[in-house]
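One letter stands for each residue in the lines below.
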Amino acid sequence: MDNQNNNSQKKIFIANWKSNKTSQEVQNFIEELKNHKEEINFENKTIVIAPSFTLLPKTRQLVDEANLQVKLSGQNVSPFPEGAYTGDVNAKQVKEFAEYVIIGHSERKRYFHESENDVENKIKEAEDQGLIVVQCIQNENSQIHDKADVVAYEPPDAISTFGVGEAEDPEEIRKVFEKISEELKGRSLLYGGSVNKDNIESYLKIDICAGFLIGGASLDPQSFMSLINKW
Ligand code: PGA
């Protein structure tokens, strides 16, 4: 295990699978994690997997059967409670299978025209159901919602498309983190955007960085494990 840090801070690693994977692929992923369970230090980190809604029940079942200390997350949630909202998945339904939910991702805003008002309503719904809210912010001036539990700074240009992207310079991230730290009031701040095995160590040096939201590099189990095992 590449775990040379002597820092006892617990880091959060969230695998954001986006619109990827079938149930068979999830089965293969969890099987691989289970086979390498002994190599993972589960004590100094919180590992969270965010699959598509259709895969949440199956992932929950596989994770529980494998006895893995892995939490699950929704990638989105309805801004409405249960009721006549065709096609949406509400917070109560997400809570049945997951502990966390990602809200306000830039891809939701860009492709699905999600507004700040939607973000606010989603956070409220998630909070009411006891989900841990990971609010994504796109820049240092983004509004951080009072009810968000974890904040993920994800500059949109740094997010990979089809696995390729330009990660943000760690020094720039440190500056932004320091700027927004006052607003955090003790909440964890994560970085997301093209995190991979070659650059993660430079981000791990930023004390205030409590962890990562990882897209492309979380899809392959070996790749994901190579990231989490850096801590
Ligand atoms: P990426 O995605 O790691 O593929 O850049 C990060 C995210 O959007 O959560």
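Computed from a predicted structure; not experimentally measured.

A. Region of the structure containing helix 6 (residues 170–184). Taking 1.5 Å of rise per residue, 15 residues should cover 21 Å, and helix 6 covers 19 Å from first to last C-alpha, within 8% of that figure. Along helix 6, the sharpest kink reaches roughly 30 degrees, centred on E178. Of the positions making up helix 6, those classed as buried are I173, V176, F177, I180 and L184. Tucked into the core, helix 6 has its buried residues touching strand 5 (132–137), strand 6 (150–153), strand 7 (188–192), helix 7 (200–204) and strand 8 (209–214). The backbone nitrogen of E171 lies 3.1 Å from a side-chain oxygen of the residue at the head of helix 6, namely D169. K185 occupies a position one or two residues after helix 6 and carries a positive phi of about 50 degrees.

B. Here's a closer look at the site of the ligand. In the vicinity of the ligand, the contacting residues are N16, K18, H105, E154, I159, S160, G193, S194, L213, I214, G215 and G216. In the model, an oxygen atom of the ligand is placed 2.6 Å from a nitrogen or oxygen of the H105 side chain. Between the ligand and the protein, one listed contact pairs an oxygen atom with a backbone N or O atom of S194 at 2.8 Å. Here the ligand loses 99% of its free accessible area of 280 Å² to cover by the protein chains. Across the shell around the ligand, the residue classes break down as three nonpolar, seven polar and two charged.

C. Structural detail: helix 1 (residues 23–35). In this model, helix 1 (13 residues) spans 18 Å end to end at C-alpha, consistent with the 18 Å of a helix rising 1.5 Å per residue. Restricting attention to buried positions, one finds in helix 1 the residues V26, F29, I30 and L33. One face of helix 1 carries all of its buried residues, which in axial projection span an arc of 90 degrees. Looking at the buried residues of helix 1, the elements they touch are strand 2 (45–50), helix 2 (56–65), strand 3 (70–74) and helix 8 (221–228).

D. Seen up close, the pairing of strand 4 (residues 100–103). Burial along strand 4 is two-sided: the face carrying Y100 and I102 and the face carrying V101 and I103 are both buried. Alignment of strand 3 against strand 4, held across two bridges, turns out to be parallel. Bridge assignment links G74 to a residue of strand 4, and that residue is V101. Pairing geometry for strand 4 and strand 5, over four bridges, is parallel.

E. Representation of the packing of helix 1 against helix 2 in the model. At a minimum axis distance of 10 Å, the contact between helix 1 and helix 2 shows a crossing angle of 20 degrees. Classified by the angle between their axes, helix 1 and helix 2 sit roughly parallel to one another. Handedness of the helix 1/helix 2 crossing: right-handed. Residues S23, V26, Q27 and I30 of helix 1 form the contact with helix 2, whose participating residues are K58, T59, L62 and V63. For the contact of helix 1 with helix 2, a count of residues per class yields four nonpolar, three polar and one charged.

F. Focus on the sheet that holds strand 6. The eight strands lie next to each other as 1-2-3-4-5-6-7-8, forming a closed barrel whose pairing is parallel. Ignoring which end each strand starts from, the neighbouring axes of this sheet average 25 degrees apart.

G. View of the nonpolar core. Judged by nonpolar contacts, the single largest core of 57 residues is most densely connected at I30, I49, V70, Y191 and F212. When residues of this core are assigned to their parent elements, the largest contribution, five residues, is made by helix 6. Setting aside chain neighbours within four positions, we find Y191 in contact with Y153, P155, A158, A167, E168, I173, F177, Y203, C209, G211, F212 and L213. One finds I102, V134, A152 and A210 within the second-largest nonpolar core, a separate group that totals 13 residues.

H. Representation of the pattern of salt bridges within the structure. Counted according to the given criterion, the structure contains 13 salt bridges. Its salt-bridge partner being E171, residue R174 comes within 3.3 Å of it at the nearest N-O pair. Here E171 and R174 lie together in helix 6, a separation of three residues that amounts to about one turn. Note that D198 and K197 form a salt bridge whose closest N and O atoms lie 3.9 Å from each other. On the basis of relative accessibility, which here comes to 67%, the residue D198 falls in the exposed class. One connected set of salt bridges, linked through shared partners, spans R60, D64 and E99.

The rules behind these values
Residues numbered from 1 in each chain as written. Predicted model: local features only at pLDDT ≥ 70, side-chain atom pairs only at ≥ 80, totals over all residues. Heavy atoms only, no water. Helix = DSSP H or I, 4+ residues; strand = E, 2+ residues; numbered from the N terminus. Expected span 1.5 Å × (residues − 1). Bend = angle between axes of the 7 residues up to and from the residue. Buried < 20%, exposed > 50% of the residue type's maximum accessible area, 1.4 Å probe, protein only. Contact = heavy atoms within 4.5 Å. Polar contact = N/O pair within 3.5 Å; in protein donor to acceptor, adjacent residues only side chain to side chain. Near = heavy atom within 4 Å. Areas by Shrake-Rupley, 256 points an atom, 1.4 Å probe, with all protein chains shown as cover. Nonpolar A, V, L, I, M, F, W, Y, C, P; charged D, E, K, R; others polar. Arc of directions from axis to C-beta. Pairing = 2+ DSSP bridges. Axes fitted to C-alpha atoms, helices over the stretch in contact; angles between N-to-C directions. Parallel < 35°, antiparallel > 145°, perpendicular 65-115°, else oblique. Left-handed = near helix turned anticlockwise from the far one by under 90°. Core = buried A, V, L, I, M, F, W, Y, C linked by side-chain atoms within 4.5 Å. Salt bridge = Lys/Arg side-chain N within 4 Å of Asp/Glu carboxyl O.

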